[in-house]
Amino acid sequence: MTPALFIQGLRVTIGAGTSAANVLRGVSLELQPGEVRGLVGESGAGKSMLGRAVLGLLPANAAIAAGRIAFEGRDLLAMREPERRSLLGRRIALIPQDPMTSLNPVKRIGAQVAILLRHHLASSRRAALQRAAELLAEVAIREPERVLGLYPHEISGGMRQRVLIAMAFACDPSLVIADEPTTALDVTVQRQVLQLVERLRQRHGAAVLFVTHDLGVVAKICRTMTVLHAGRVLEEGETAHVLARPGHPYTRALLAATPRADRPAEALRPVPPSLIENLWSEAHQFDRLAAAGPA
Amino acid sequence: MRWGEIIRRLVLIPPTLFGVAVIVFVLLRVVPGDPIAMMIPPGATPADITRLRAFYGLDQPILQQFVTWFGQVLNGDFGRSISVHQGVFELVLARLPATLELALLALLIAVGLGLIAALIGIHLRGRRMEWLVDIGIGVLLAVPDFLWALILLLLLGVLIPLLPISGRIDPQLDISFHSNFYLVESLLTGRFDVADALLHHMILPALALALPFAALVARILKTSLAEAEDQDYAQIARARGFSRPEILLREVFPNALIPTVALGGVQATLLLGGTVLVERIFSYEGIGNMAIDAVINRDFPLIQGLVLTFAVLFIALNLAVDLVVTLLDPRLRHG
Ligand SMILES: Nc1ncnc2c1ncn2[C@@H]1O[C@H](COP(=O)(O)OP(=O)(O)OP(=O)(O)O)[C@@H](O)[C@H]1O
Ligand SMILES: [Mg+2]
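Residues numbered from 1 in each chain as written. Chains lettered and ligands numbered in written order. Predicted model: local features only at pLDDT ≥ 70, side-chain atom pairs only at ≥ 80, totals over all residues. Heavy atoms only, no water.

1. Re the overall build of chain A
- Along the backbone of chain A there are 11 helices and 10 strands.
- Of all 295 residues assigned to chain A, the portion counted as buried reaches 53%.
- Long-range contacts, defined as pairs at least 24 residues apart, comprise 66% of the intrachain contacts of chain A with a sequence gap of at least 6.
- Summed over its atoms, the accessible surface of chain A is roughly 13,000 Å², and 53% of this surface lies on carbon and sulfur atoms. (Helix = DSSP H or I, 4+ residues; strand = E, 2+ residues; numbered from the N terminus. Buried < 20%, exposed > 50% of the residue type's maximum accessible area, 1.4 Å probe, protein only. Contact = heavy atoms within 4.5 Å. Areas by Shrake-Rupley, 256 points an atom, 1.4 Å probe, with all protein chains shown as cover.)

2. Focus: empty space enclosed by the protein
- Considering all chains together, one arrives at two cavities of 30 Å³ or more under this definition.
- Considering only enclosed or pocket space, the largest cavity measures out at about 100 Å³ in volume.
- Looking at the largest cavity, the residues that line it are A:Ser102, A:Leu103, A:Asn104, A:Gln112, A:Ile115, A:Leu116, A:Met167, B:Tyr233, B:Ala237, B:Arg240, B:Phe242 and B:Glu251.
- Sorting the residues of the lining of the largest cavity by element identifies helix H3 (109-121) of chain A together with helix H10 (232-239) of chain B as the ones contributing at least two each.
- Its residues assigned to classes, the lining of the largest cavity comprises seven nonpolar, three polar and two charged.
- Surrounding the second largest cavity, A:Gly89, A:Ile92, A:Ala93, A:Leu94, A:Leu116, A:Met167, A:Ala168, B:Ile236, B:Ala239 and B:Arg240 form its lining.
- Elements supplying a minimum of two residues to the lining of the second largest cavity: strand E6 (92-95) and helix H6 (157-169) of chain A together with H10 of chain B.
- In terms of residue count, E6(A) provides more of the lining of the second largest cavity than any other element does, three residues in total.
- Residues belonging to the lining of the second largest cavity are distributed by class as follows: eight nonpolar, one polar and one charged. (1 Å grid on protein atoms, 1.4 Å probe; cavity = no way out; pocket = protein on both sides within 12 Å on 5 of 7 lines; lining within 4 Å. Points joined across faces, edges and corners; volume = space filled by probe spheres on them. Nonpolar A, V, L, I, M, F, W, Y, C, P; charged D, E, K, R; others polar.)

3. Description of the packing of aromatic side chains
Residue and element names in this part refer to chain B.
- Within this structure, the stated rule accounts for 11 aromatic pairs over all chains.
- Taking 5.0 Å as the distance between ring centres and 85 degrees as the angle between the ring planes, the aromatic pair formed by Phe55 and Tyr56 counts as edge-to-face.
- On the accessibility criterion, Tyr56 (27% relative accessible area) is partly exposed.
- Seen from their ring centres, Phe78 and Phe89 are 5.6 Å apart, and the 15 degrees between their planes marks the pair as stacked. Taken together, the residues Phe78 in the loop between helix H4 (62-74) and helix H5 (88-123) and Phe89 in helix H5 connect sequence positions 11 residues apart.
- When its relative accessible area of 18% is taken as the criterion, Phe78 is described as buried.
- Using a relative accessible area of 39% as the deciding quantity, one classes Phe89 as partly exposed.
- Joined through ring pairs, the aromatic side chains of Phe18, Phe25, Phe66, Trp69 and Phe70 make up one cluster.
- It is Arg29 that lies over the ring of Phe25; its NZ or CZ is 3.5 Å from the centre.
- Over the ring of Tyr182 we find Arg168, and its NZ or CZ is 4.0 Å from the ring centre. (Phe/Tyr/Trp six-rings, centres within 6.5 Å; stacked < 30°, edge-to-face > 60°. Lys NZ or Arg CZ within 6 Å of the ring centre and 35° of its normal.)

Take a look at the structure:
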């Protein structure tokens, strides 16, 4: 089966010349259709960069130095701009991290949802607004018609994130990249939003790359997971396997730092540099294995 | 909340105008020089001068003078000009339309030029050519309006005499108007040849007023566009498959417009103030030019009337800016 997302040997650098830094050092990753993969790793590991690379959202000073990104077998990096734009927002969607800054403050919710439908599905204005109301209802927003007429500052953060989720699924995508979609929300809202993502994913059959710090969330909704550290994949596999028998000390440390009901959290111990070197060479092997795998 | 703010501003208008009136009134009388000295014929006796001073009430204590004048103002009587011997109100009203038309034309030109420059600048963002736009804007900003007036006058009026350099319309043209809004009236009544003649006279002074302001608009708008383009919502629009022009137009521009109107609108008072010198340089018959004559003649009642007129214009402009910003920004529209 053609993977929904296939990333191979992805290298991303930031800056130019001598100050150039590698933020992704040959990452390979695969998502089958309908698969939910957790992408974990400490702050600065490169999780967001990975998602941005897929969405074509790398900062201006960043560049893809090597590697391949394919969506449903089509090379996103070699693709011409109009073709890529017709995929983005329609077949490939994003659930952003911060609902407070991710909606346009001067446009009504309805206009923001509708423009997406008109752009990608060529809906008429009326049909788009009607569909927008249905989409809002789908993410459990009450009185969707009324909410369509509101501005972002007039609704709560949780509600905004639900609007953004509705927008992500609006055009029936087959790949959704969610970059810490619940970090900015309080705990009860987090749970609702997670349930929503899971429900919509099932209904639309989309593959989801779920970036998070929270191993608890990964255990709950991700069948597979990838552990990223310093721009490299340290470990990946079925979530149950990885969490039950973490192969890398780093993953173990990450696990130990996750609070559980039955024991208090340990602080995430810094991994000694020598160990990291070892991990990298192992990760290299992993990359080579992945590279030899299916294309 | 914001509407409350606007009501508060409305309430503050009368005390503001009163303050302006007091300051001007007192300053005029404290600073040396008075209208009588400017108007006496050679050979007038000290007795004549005393009589004249008494005639215009200038022998009274300042407080007494102010109370008299202000009482008349409250009844709509702004007094008579000492140098022109006509009612101040009628004089100002006759000249005000000329200045308003000039300022409005300058504003339109400035907004148009500023918009184009900002759009070119944002289009070139991050490329080497962006510097050229920034330097262009900087140069335009560094030269004040009256200097532009002199440059334009010498360049397009004298060196390459393409355009008339004085007045509002050719004196030999005998055209009658119903109002003093010559340009607006000729446009509304379809007399386009007249409008053309008027515009030929207005274009140089309007351009002089517009150039520095256009640079200001361009700079504020370009900065605001760049800032808004970096916001999450604009970045995310890229990940939704919208092209950069679409994003700039639909997501970024409506946001960038808010600080541009707020900052640029307040700065438009500079453009209004600029009419004083620029009208003088082009002998354009507006209230700015009139103000200089009034000062030269120490025409106290006329100066007072003109200063109050400018104050009202400034206040109206600020209020209009507040109103437009409130309309543009839904976050301010509450309560
Ligand atoms: N605009 C930028 N300019 C320079 N370096 C950047 C920029 N954005 C990110 N980086 C660097 O790139 C690396 C990867 O960052 P990234 O945002 O992908 O981390 P992350 O795993 O998403 O972390 P977090 O969990 O904090 O979101 C980090 O070392 C970061 O310092
Ligand atoms: Mg991140």
